[in-house]
Amino acid sequence: MDRRQRKTREAIFKAFTELLSKKNFNNITVGEIIEKADVGRATFYAHFETKDFLLKEMCRELFCHIFDSESGESTHRHIFECDAPDSVFLHLFMHFQKNDNHILDLLSSDNNGLFLGYFKEELKALIESRDELFRGEKAELVPRSYLVNHIASSFVETLKWWVDNKSALSPQKVCEYFLAVI
């Protein structure tokens, strides 16, 4: 992706996230996004097939950022930036606490099902890459796909519980709880 395309994409993400801070996902139109991003409709559709695909790409950006920060990769530009902790799960909780790119607004919206579906899909890929989660007696008792789904579902439910409780616990503490039960 060349610099011009990257800047256009970043402008679309920025416009989308600003709108998310004010409106429910289902009430945001592509027209509002392109107006705020100051891009044409054809330009928007050259980057994203639909508003739902834009949301999916936002999830991919978060997980791509996490994968790259683990590998020490710094050549890829992300819409998410931070000093990455050692734990990928803590890393995710920290982004939600900071409400980076209004990601928390997506989770707490009335129509969060689409976001959670995309989020869980990306989370499963992240979990698959964590070999340490598949060692030990318990991991050998169940199929890997079951364990991946269980860990992803537990993370999503922990995240929802944390948000419902107004994030009263630190990311470190909620991550500690999550890791204790998986």
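Residues numbered from 1 in each chain as written. Predicted model: local features only at pLDDT ≥ 70, side-chain atom pairs only at ≥ 80, totals over all residues. Heavy atoms only, no water.

So, on to the overall build of the protein chain. Helix and strand content of the protein chain: 10 helices and 0 strands. Going from the N terminus to the C terminus, the protein chain shows its helices and strands as α-α-α-α-α-α-α-α-α-α. Taken over 182 residues, the protein chain has a buried fraction of 43%. When contacts within the protein chain are restricted to residue pairs at least 6 apart in sequence, those whose partners lie at least 24 apart make up 57%. When the accessible area of the protein chain is evaluated, it comes to approximately 9,900 Å², of which 47% is carbon and sulfur surface. (Helix = DSSP H or I, 4+ residues; strand = E, 2+ residues; numbered from the N terminus. Buried < 20%, exposed > 50% of the residue type's maximum accessible area, 1.4 Å probe, protein only. Contact = heavy atoms within 4.5 Å. Areas by Shrake-Rupley, 256 points an atom, 1.4 Å probe, with all protein chains shown as cover.)

Moving on, we get to the packing of aromatic side chains. Counted according to the given criterion, the structure contains 10 aromatic pairs. When the centroid spacing of 6.1 Å and the interplanar angle of 80° are considered together, the rings of Phe16 and Phe25 count as edge-to-face. Exposure class is identical for Phe16 and Phe25. Each is buried. Ring pairing ties together the aromatic residues Phe89, Phe93, Phe119, Phe155, Trp162 and Phe178, which thus form one cluster. In this structure, Lys51 is placed above the aromatic ring of Phe25, and the distance from its NZ or CZ to the ring centre is 4.4 Å. (Phe/Tyr/Trp six-rings, centres within 6.5 Å; stacked < 30°, edge-to-face > 60°. Lys NZ or Arg CZ within 6 Å of the ring centre and 35° of its normal.)

The next point concerns the packing of helix α1 (residues 3-20) against helix α2 (residues 30-37). With their axes 8 Å apart at the nearest point, α1 and α2 run at an angle of 120° to one another. Comparing the axis directions of α1 and α2 gives the class oblique. In this structure, the crossing between α1 and α2 has a hand that is right-handed. Side by side, α1 and α2 meet where Ala11, Ile12, Ala15, Phe16, Glu18 and Leu19 of the first sit next to Glu32, Ile33, Lys36 and Ala37 of the second. Here the contact of α1 with α2 is built from residues that sort into 7 nonpolar, no polar and 3 charged. (Axes fitted to C-alpha atoms, helices over the stretch in contact; angles between N-to-C directions. Parallel < 35°, antiparallel > 145°, perpendicular 65-115°, else oblique. Left-handed = near helix turned anticlockwise from the far one by under 90°. Nonpolar A, V, L, I, M, F, W, Y, C, P; charged D, E, K, R; others polar.)

A word on the environment of Leu169. Its location among the elements puts Leu169 in the loop between α9 (144-164) and α10 (171-181). Residue contacts for Leu169: discarding those within four places in its chain leaves Trp161, Trp162 and Tyr177.

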